[in-house]
Amino acid sequence: MKIGVVTFPGTLDDRDAARAVRLAGGEAVSLWHADTNLHKVDAVVLPGGFSYGDYLRCGAIAAQAPVMESIIKAANGGLPVLGICNGFQVLVESHLLPGGLIRNEHQHFICRDQKLIVESNTTAWTNEFELNQEITIPLKNGEGGYIATDETLKRLEGEGLITFRYKEVNPNGSMNDIAGLRNERGNVVGLMPHPEHAVEPGFGPDTTVAMRSGVDGLKFFTSVINSLVNA
Amino acid sequence: MGLFGKKKIASGVDTTTEAANTPDKVQPYAALGLKDDEYARIREILGRRPSSSELAMYSVMWSEHCSYKSSKIYLRQFGEKVTPEMNKNLMVGMGENAGVVDIGEGWAVTFKVESHNHPSYIEPFQGAATGVGGIVRDILTMGARPIAVMDQLRFGEPSNPDTARVVHGVVDGISFYGNCLGLPNIGGETVFDKVYQGNPLVNALSVGALRHEDLKLAKASNPGDLVILFGARTGADGIGGVSVLASETFDSTGPAKRPAVQVGDPFAEKVLIECCLELYAAQVVAGIQDLGGAGISCATSELASNGGAGMRVQLQDVLKRDESLTPEEILMSESQERMMGIVPKKDFKKFKAIVDKWEVEFSVIGEVIAEDRLYINWGHEEIVNVPPRTVAHDGPVYERPVAFPSYQDALNNDSVHAHGLFRQNDNASELAAQLVQIVSSPNQADKGYITNQYDRYVGGNTALAQPDDSGMIRVSEETGLGISLATDANGRYCYLDPYQGARLALAEAYRNVAVSGATPVAVTNCLNFGSPENPEVMWQFKQATAGLADGCLELGIPVTGGNVSFYNQTGDVAIHPTPVVGVLGVIDDVARRIPSGWQDAGHNIYLLGTTKDELDGSVWSEVVHSHLGGRPPVVDLAYEKQLAEALNAASEQGLLASAHDLSEAGLAQAVVESVLRFGMGARIWLDEIQQRDGVDRTCALFSESTGRVLVSVGREDDVKFVGLCEARGIPVLRIGVTDNSGELEIQDVATWQLNDLRGAHEATLPELFG
């Protein structure tokens, strides 16, 4: 199973995302921002970072990159796409997901082990979770405050498109505690927290069992591999 | 104006010919920071007066910051007080951009800490940001992939209104730049003290990993190789920063110095990192140097001098942000995110393909020549013609006057005992109140407010980070081979006794690495002091460097590099001497690293080491009594080494559930941090410590005696662990057990709900700065 990991100039978590793909049993394929060729991958991860220095608006320039032309087209055709943090911002700027992401309401970058509730487990990237399962995923962002119009929020709530909600602490002032979204079809998922940082014991978030042993993020990647196998 | 201005400048260039023809022209060398005798020496080297471009180069390269002219004679001992055994894993020692240590399995690690103090006071955000950028480029220059950063910060008193300005600016700057580079921030220090009010310290450490064969050096030795400047364009930022800022004491009546601080673009640096690593992999650079302090002046002269060769440079080929820059300004500019590569002509095509891929701008500005001479032209006119070594390496060396401080004896005599500081030994509720007062004081409180603004996850190799005693990073994903890093400095101890203070900092950083399960192998330092022109400051410097060098020899680990920051003083008032010491450790498999807090109920808690009546210079004396006097704790480095070896052996046998070093605020602080790390309760008793060591309850709780570690051990490993300590001569005493009570009970003192303690420990910084 080949999963593409896109590198824009300024992408930071591409190597982490590739490692997560490998640990889940997939083959990571590096995709370059300036190349429209998707190299026949079965799914795509848009990793975190500061693509193009976050100039203009987070994700805005990346959304115009040649590789995104191909990804948007493929996503509209059903290709599974996961946007993490800056990748989520790129998805929003590409109009694959609605709304926008703005500066955290407390004005600071925040890095924390974040509890989330999985509110949709029928997407390509979440099908291995239980509905309403609580998971812990590292979060690290400066511009993670989710905003949308009342109308959009109503639609997201009504159609069950809110995939992850922050639990206990809303770390950035996101409306309706929204941490992540899906599209109607369920192939495109975006979220601010970083599942690729919770895939390997010893390097993830703390759990009650042992320090840094949290691997809740691995299921994102096994989910997509499963959904592709079963497709 | 632009055109006219440019024309005027072009015609007004001071050439070397002009310099030879007008020997009596008055030059502004003093304003550039050069002393009379230094200017005379330059004239002697050149056999004429320097051109204005040459003067610019010498002035920045001979500044205190670049030439180490006041510190050189003392820094030598780091290279002299060594044994062959200490240097056996040292691949590159002092003098290069950063030291390189062989850590086994074909891997090497390079690390260094550097100051960015003065710029960070003037413009905290950019000063701190470019401090991170500069040290990361030093690491990159060695051929390594940077893998982590840490910051050592000292601020003024929290209650002073200016402190928040500096704290917010510095933390935002580090957060902005470091996070955007994709380097995990794995630890550091934050200390508040009024002595840093007008002179905050912003030190930045970076560490990188490389395969042995990828080592790069900053030298240009093959005639015909191209000299290529790549990365950001050269602008007017940071001009004169080195000489004007870092080598002069702040004077409140002087002109505004804001324009001399550099401005950073972390995106450009991130792209530059990836671009350089690809250039290294393609083996197309023969030598490389980053541009930091002193910019092109430094890079050209150092590359040529290190390679024993020379260079011909056309300065008009430098890509500029501002076409009106004069040659002198171009030579001195400290614009960030620039590198100078030495590229063999045959590899130029490959070089160009890689930099083009990363959309990094470059220009070929010259060529390496066999003659050891640095020629720089501005168009057809020669503006620099110097022996590169005289610029880069043969700067002035001073043996500054040294004087034992007039206040020192009185300070040392004013001990906690002599001062009659009252102890609440028999008043449990007062002792309990002191404990809470201490763990919630700004220096002892939880630093999450700051460290949570840094990304500690990126890279996926972070095995330990704040709030653990050291940061730990996996280097090899195949075997788990990794490194551990800790830094320490206690300005209060160093003020009382700079020799012991430096050894104490070394001992604590060493112990912090050891408690993580790693073996300490090398040392870096950042020596922050007042004005070297003050003989009493020079005495502190002399003592501290001797203490550190002697200490390293005793521990058997070499100093691989470092940095000196002088002139940290406002008017006549110097900071406390603050030699930041960083210790690097190696661990064969990060999977066996030791947590710093308690995570399982029913484990026994042991205190290793003995407690003495050592409260002089302590947190207790500061927070409870606002007192500083006496002598700092005694440190026995031979014993510290034994202790580290015992911890390592226990870790290898899997006997330790946790280990936490005791240092500032002693046992009280360590116990509170250990319960709060994972929210595990505990019951602690002090009476056996008091009986065995002959100390009172205040000492048992707050003494800062060295060589002590708090460990937790599962019951099944008890006998084995105690046996191991006894066999190695490490004093070991069971002082408590962990439990699920949700409380911390210190018998005969108090019982606290963990939530209450957490509130007290974690609320302080957000309340002050949030």
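Every chain is numbered independently, its residues counted from 1 as its sequence is written. Ligands are numbered from 1 and chains lettered from A, in the order in which they are written. Restriction of local features to residues with pLDDT of at least 70 applies here, the model being predicted, together with a cutoff of 80 or more for giving and counting side-chain atom pairs; totals for whole chains, interfaces and linings are based on all residues.

K.L.:
Please explain the overall build of chain B as it appears in this structure.
P.N.:
Put simply, DSSP H or I for four residues or longer makes a helix, DSSP E for two residues or longer makes a strand, and each gets a number counted from the N terminus. Looking only at helices and strands, chain B features 28 helices and 28 strands. Relative to the compact-globule value of 27 Å for 770 residues, chain B shows a C-alpha radius of gyration of 27 Å, a close match. Taken over the C-alpha atoms alone, chain B extends approximately 85 × 55 × 50 Å along its principal axes. Whether a residue is buried, exposed or partly exposed is read from the other C-beta atoms within 10 Å of its own C-beta, which are placed from the backbone; 20 or more gives buried, 12 or fewer gives exposed, and intermediate counts give partly exposed. A buried classification covers 60% of the 770 residues belonging to chain B. C-beta atoms are first placed from the backbone for all residues, and any pair lying within 7 Å is then listed as a contact. Relative to all contacts within chain B whose residues are 6 or more apart in sequence, the contacts with residues 24 or more apart total 85%. Each radius of gyration is computed over the set of C-alpha atoms, and the globule rule expresses the reference value as 2.2 Å times the number of residues to the power 0.38.

K.L.:
Hey, could you run me through the overall build of chain A in this one?
P.N.:
A count of helical and extended segments in chain A gives five helices and 11 strands. Against the globule reference of 17 Å for 231 residues, chain A gives a C-alpha radius of gyration of 16 Å, in line with a compact fold. Overall size of chain A, expressed as C-alpha extent along the three principal axes, is 40 × 40 × 35 Å. Of the contacts made within chain A by residues no fewer than 6 positions apart, 72% connect residues no fewer than 24 positions apart.

K.L.:
Just to check I follow, could you spell out helix 8 (residues 124-141) of chain B for this structure?
P.N.:
Within an α-helix, residues lying three or four positions from one another point in the same direction, as the helix has 3.6 residues per turn. Residue and element names in this part refer to chain B. Given a helix with a known number of residues, its expected span is that number minus one, times 1.5 Å. The end-to-end C-alpha distance of helix 8 is 26 Å, a good match for the 26 Å that 18 residues give at a rise of 1.5 Å each. The element helix 8 is extensively covered by neighbouring structure, given that 18 of its 18 residues are classed as buried. Two residues or fewer after helix 8 comes Gly143, characterised by a positive phi angle close to 95 degrees.

K.L.:
Would you explain the environment of Leu181 of chain B in this entry?
P.N.:
Residue and element names in this part refer to chain B. Mapped onto the elements of the fold, Leu181 is located in helix 9 (residues 161-181). Here the alpha-carbon distance between Leu181 and Glu269, two residues 88 residues apart in the chain, equals 7.1 Å. Once you skip the residues sitting within four places of it in the chain, Leu181 turns out to touch Val136, Pro266, Glu269 and Lys270.

K.L.:
Even after reading the chapter, I still don't get the interface of chain A and chain B, so can you show me in this structure?
P.N.:
One widely used convention gives an interface's size as the accessible area the parts lose upon coming together. The interface of chain A with chain B comprises 24 residues on the first partner and 26 residues on the second. Contributing elements (two or more residues each) for the side of chain A that touches chain B: helix 1 (14-23), strand 6 (110-118) and strand 7 (134-141) of chain A. Top contributing element to the side of chain A that touches chain B by residue count: strand 6 of chain A, with three residues. Residue classes in the side of chain A that touches chain B are distributed as 10 nonpolar, seven polar and seven charged. When residues are sorted by character, Ala, Val, Leu, Ile, Met, Phe, Trp, Tyr, Cys and Pro go into the nonpolar class, Asp, Glu, Lys and Arg into the charged class, and all the rest, Gly among them, into the polar class.

K.L.:
Looking at this structure, I do not really get the sheet that holds strand 21 (residues 578-587) of chain B. What am I missing?
P.N.:
What links the strands of a sheet is backbone hydrogen bonding, and the strands pair in either a parallel or an antiparallel sense. All names here are of chain B. Strand order in this open sheet of six strands is 14-15-16-21-17-18, and the pairing throughout is mixed. Every interior strand has two partners, whereas the edge strands, strand 14 (462-464) and strand 18 (559-565), have only one. Direction aside, neighbouring strands of the sheet carry axes that sit 20 degrees apart on average. Strand pairing is assigned whenever DSSP detects at least two bridges linking the two strands. As paired elements, strand 17 (residues 519-528) and strand 18 share six bridges and run parallel to each other. Its bridge partner being in strand 18, Asn528 is matched across the sheet by Ser565. The axes are straight lines fitted to the C-alpha atoms, using for helices just the contacting stretch, and the angles between their N-to-C directions are given from 0 to 180°. Lying over the sheet, helix 20 (residues 498-515) contacts strand 16 (482-488), strand 17 and strand 21, oriented at roughly 25 degrees with respect to strand 21.

K.L.:
Please clarify how the pairing of strand 4 (residues 81-84) of chain A should be interpreted in this entry.
P.N.:
Working note: regular strand, side chains alternate between the two faces of the sheet. Residue and element names in this part refer to chain A. With burial as the criterion, each face of strand 4 is covered, one bearing Val81 and Gly83 and the other bearing Leu82 and Ile84. Where strand 3 (residues 43-46) lies against strand 4, three bridges are found, and the strand directions are parallel. Within strand 4, the residue paired with Val45 across the bridge is Leu82. By the criterion used throughout, a crossover qualifies as right-handed when its path from the first strand across the helix to the second strand runs clockwise, the strands pointing away from the viewer. For the crossover that starts at strand 3, traverses helix 2 (residues 66-76) and ends in the parallel strand 4, the hand is right-handed. Across four bridges, the pairing between strand 4 and strand 11 (residues 188-191) is parallel. Each residue of the ladder has a partner; that of Val81, found in strand 11, is Val188.

K.L.:
For this particular structure, what's the right way to read the sheet that holds strand 3 of chain A?
P.N.:
Residue and element names in this part refer to chain A. The strand order across the open sheet built from nine strands is 2-1-3-4-11-10-9-6-7, with neighbouring strands paired in mixed fashion. In this open sheet, the two strands that pair with only one neighbour each are strand 2 (27-32) and strand 7. If you compare each strand with its neighbour and ignore which way they point, the axes differ by 25 degrees on average.

K.L.:
Is there a simple way to explain the packing of helix 21 (residues 535-555) of chain B against helix 23 (residues 637-652) of chain B in this structure?
P.N.:
A pair of packed helices can be characterised by two numbers: the angle between their axes and the separation between those axes. All names here are of chain B. Direction vectors running N to C along helix 21 and helix 23 enclose 45 degrees, while the axes themselves pass 9 Å from each other. As far as their axial angle goes, helix 23 and helix 21 are oblique. Relative to helix 23, the crossing made by helix 21 is right-handed. Side by side, helix 21 and helix 23 meet where Gly551, Glu554 and Leu555 of the first sit next to Leu637, Ala638 and Lys641 of the second. The residue inventory of the contact of helix 21 with helix 23, partitioned by class, reads three nonpolar, one polar and two charged. Here is the rule for angles: anything less than 35 degrees is roughly parallel, anything more than 145 is roughly antiparallel, 65 through 115 is roughly perpendicular, and the remaining ranges are oblique. By convention, the crossing between two helices is left-handed when the near helix turns anticlockwise from the far helix through less than a right angle, and right-handed when the turn is clockwise.

K.L.:
Mind showing me how you'd approach the pairing of strand 7 of chain A here?
P.N.:
Residues and elements named next belong to chain A. Counting buried positions along strand 7 gives seven out of eight residues, so the element sits mostly inside the fold. As defined by bridge partners, strand 6 adjoins strand 7 across eight bridges and the pair is classed as antiparallel. Residue pairing in the sheet places Lys115 in a bridge with Thr136 of strand 7.

K.L.:
In this structure, what is going on with the packing of helix 8 of chain B against helix 9 of chain B? I would like to understand it.
P.N.:
Residue and element names in this part refer to chain B. One way to put it is that helix 8 packs onto helix 9 with a least axis distance of 7 Å and a crossing angle of 35 degrees. In terms of crossing hand, the pair formed by helix 8 and helix 9 is right-handed. Across the interface between the two elements, Pro124, Phe125, Gln126, Gly127, Ala128, Ala129, Val132, Gly133 and Val136 of helix 8 pack against Arg165, Val166, Gly169, Val170, Asp172, Gly173, Ile174, Phe176, Tyr177, Gly178 and Leu181 of helix 9. Of the residues belonging to the contact of helix 8 with helix 9, the class tally is 12 nonpolar, six polar and two charged.

K.L.:
Would you mind showing me how to read unusual backbone geometry here?
P.N.:
Trans peptide bonds make up most of the peptide bonds, and negative phi angles are found at most residues other than glycine. With an omega of 5 degrees, the peptide bond running from Gln466 of chain B to Pro467 of chain B counts as cis. Here Pro467 of chain B shows up in the loop between strand 14 and strand 15 (471-474). The phi dihedral of Tyr52 of chain A is positive, around 50 degrees, even though this residue is not glycine. Within the element layout of this structure, Tyr52 of chain A appears in the loop between strand 3 and helix 2. At Glu337 of chain B, a residue that is not glycine, the phi angle is positive and equals roughly 60 degrees. By the secondary structure assignment, Glu337 of chain B is in the loop between helix 13 (327-332) and strand 10 (338-343).

K.L.:
Teacher, can you tell me more about the nonpolar core here?
P.N.:
If you look at soluble globular proteins, the nonpolar side chains tend to sit buried side by side. All names here are of chain B. Note on definitions: a nonpolar core is a set of buried residues drawn from Ala, Val, Leu, Ile, Met, Phe, Trp, Tyr and Cys, linked by C-beta atoms within 7 Å. Ranked by internal contacts, the top residues of the largest apolar core, which has 310 residues, are Met61, Val109, Ile483 and Leu506. Top element by residues in this core is helix 20. It accounts for 10 residues. Domain delimitation follows an automatic or database domain assignment. Domain assignment of the residues forming this core places at least three in each of domain 1 (65-392) and domain 2 (595-770). Ignoring anything within four residues of it in the chain, the contact list for Val109 reads Val101, Ile103, Val207, Ala209, Val475, Ile483 and Leu584.

K.L.:
Can you help me understand the environment of Ala432 of chain B in this one?
P.N.:
Structurally, Ala432 of chain B is set in helix 17 (residues 428-439). As a C-alpha pair, Ala432 of chain B and Ala750 of chain B span 318 residues in sequence and 6.0 Å in three-dimensional space.

K.L.:
I'm lost on the confidence of the model for chain B in this one. Help?
P.N.:
In regions of low pLDDT, the predicted coordinates are not meant to be interpreted in detail. All names here are of chain B. In the predicted model, chain B carries a mean pLDDT of 93, and the fraction of residues at 70 or more is 95%. This stretch, residues 1-11, has a pLDDT under 50; its non-local contacts, to residues over four places away or in other chains, come to five contacts. Under a pLDDT of 50 for its full length, residues 250-258 has, in the predicted model, seven contacts with residues more than four places off or in other chains. Across the whole predicted complex the pTM is 0.94, and at the interface the ipTM reaches 0.96. Scored between 0 and 100, pLDDT is the confidence that the predictor attaches to each residue.

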